[in-house]
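# Results of the structural survey
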Amino acid sequence: MRTDDIKKIGVIGSGTMGNGIAHVAALSGFEVILVDVKREFLDKAIATITKNLDRMVSKEKITEQDKTEALGRIASTIELHDVKSCQLVIEAIIEKLDPKLELFGELDKICLPDTILASNTSSLPITKLASGTKRPDKVVGMHFMNPVPMMKLVEMIRGFGTSDDTFKMAQEVGVKMGKTPVPSEDYPGFIANRILMPMINEAIYALFEGVGKAEDIDTVMKLGMAHPMGPLTLADFIGLDVCLDILTVLHEGLGDPKYRPCPLLKKKVEARYLGRKSGRGFFVYE
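Note that the coordinates shown come from a computational prediction; the quantities given were computed from them, not determined experimentally. (Residues numbered from 1 in each chain as written. Predicted model: local features only at pLDDT ≥ 70, side-chain atom pairs only at ≥ 80, totals over all residues. Heavy atoms only, no water.)

### With respect to a nonpolar patch on the surface
Nonpolar side chains collect at one region of the surface, where Leu153, Val182, Ile191 and Ile195 lie side by side and expose about 320 Å² of accessible area between them. Its location among the elements puts Val182 in strand S8 (residues 180-184). (Patch = residues over 30% accessible without salt bridge, like charges linked within 9 Å, V, L, I, M, F, W, Y side chains within 5 Å. Areas by Shrake-Rupley, 256 points an atom, 1.4 Å probe, with all protein chains shown as cover. Salt bridge = Lys/Arg side-chain N within 4 Å of Asp/Glu carboxyl O. Helix = DSSP H or I, 4+ residues; strand = E, 2+ residues; numbered from the N terminus.)

Structure representation (structure tokens):
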């Protein structure tokens, strides 16, 4: 199979990352099969994609016809078997190893032998995910950044068994989606989160230890380091549960105490103060 043979992309999971990937794939001319476990999740995802495309039309980045054609390329379904006709399937479900391993095992049975299986995981080992299949040469990491329609980066992770052809084709698909693919080795957190998460964690420790108030910590990083948003606001945007999951993977995978999640982060997650998506994290959202 060549890159030009990739016409249809399956996206498993219709949450923030999944609907963003479906959005850019459809807008780039790919047919998309968007899969989730409940119809209400899919309806919400299509509404989000429509709203985001409307915003692009209003900013004159795309035309009304572009929007209509992109939406016409997206089919949504609760049946995983519907991705059988896809040449590339991108997994974007919960950031937990066991559900992802189970899903990759199912996809391996459902999909055609040439189908590439990709994961949007932000920290979990691609080599481990590939071990749940009989096609480790066709498993690759494609870690998109949030919000997917706006962010140019896609972190590309080669598992231990990923073939050169698979890696090259996945990179070329990333380019077709308007992204800049950057390769990373298959170690916990890859490049992006290995650097980002300790910074966020240290900002939480600074708050936990009373070094500064949340607003002041974020202001220092914005005005002093020219960051577009402060680390605590960014944590709320990512989701505090996701931040905790990634830090746990880093801490367990690398065994270094510098990745130990701050107790305040754990408490926030236990209280279900997860950030923007729950209405409250380090800040309160209407």
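There is more to say after this.
### Overview of the environment of Ile90
Within the secondary structure layout, Ile90 lies in strand S4 (residues 88-91). For Ile90, a relative accessible area of 0% translates into the label buried. Along the backbone, Ile90 and Ile116 are 26 residues apart, and their C-alpha atoms lie at a distance of 8.5 Å. Apart from residues no more than four positions distant in its own chain, Ile90 is found in contact with Ile9, Gly10, Val11, Ile12, Ile21, Ala118, Asn120, Met142, Phe144 and Met177. (Buried < 20%, exposed > 50% of the residue type's maximum accessible area, 1.4 Å probe, protein only. Contact = heavy atoms within 4.5 Å.)

### What to know about the pairing of S4
Of the two faces of S4, both are covered, the one formed by Leu88 and Ile90 as well as the one formed by Val89 and Glu91. Pairing of S4 with strand S5 (residues 116-119) involves four bridges; the strand directions are parallel. Within S5, the position partnered with Ile90 by the bridge is Ala118. A crossover links S4 with its parallel partner S5, the connecting element being helix H4 (residues 97-110), and its sense is right-handed. (Pairing = 2+ DSSP bridges. Right-handed = clockwise from strand over helix to strand, strands pointing away.)

### Points about the sheet that holds S5
Here eight strands make up an open sheet; going across it, the order is S3-S2-S1-S4-S5-S6-S7-S8 and the pairing mixed. Edge positions in the open sheet fall to strand S3 (74-77) and S8, since each of these has one partner strand only. Averaged over all pairs of adjacent strands, the angle between strand axes in this sheet comes to 25°, irrespective of strand direction. Here strand S2 (residues 31-35) runs beside S3; their pairing, made up of four bridges, is parallel. Directly across from Leu34, in S3, lies its bridge partner Ser76. Sheet strands touched by helix H1 (residues 16-27): strand S1 (8-12), S2, S3, S4 and strand S6 (139-144). Its angle to S2, the strand with the most contacts, is close to 165°. Seen against the sheet, H4 touches S1, S4, S5 and S6 and runs at an angle of roughly 165° to S5. (Axes fitted to C-alpha atoms, helices over the stretch in contact; angles between N-to-C directions.)

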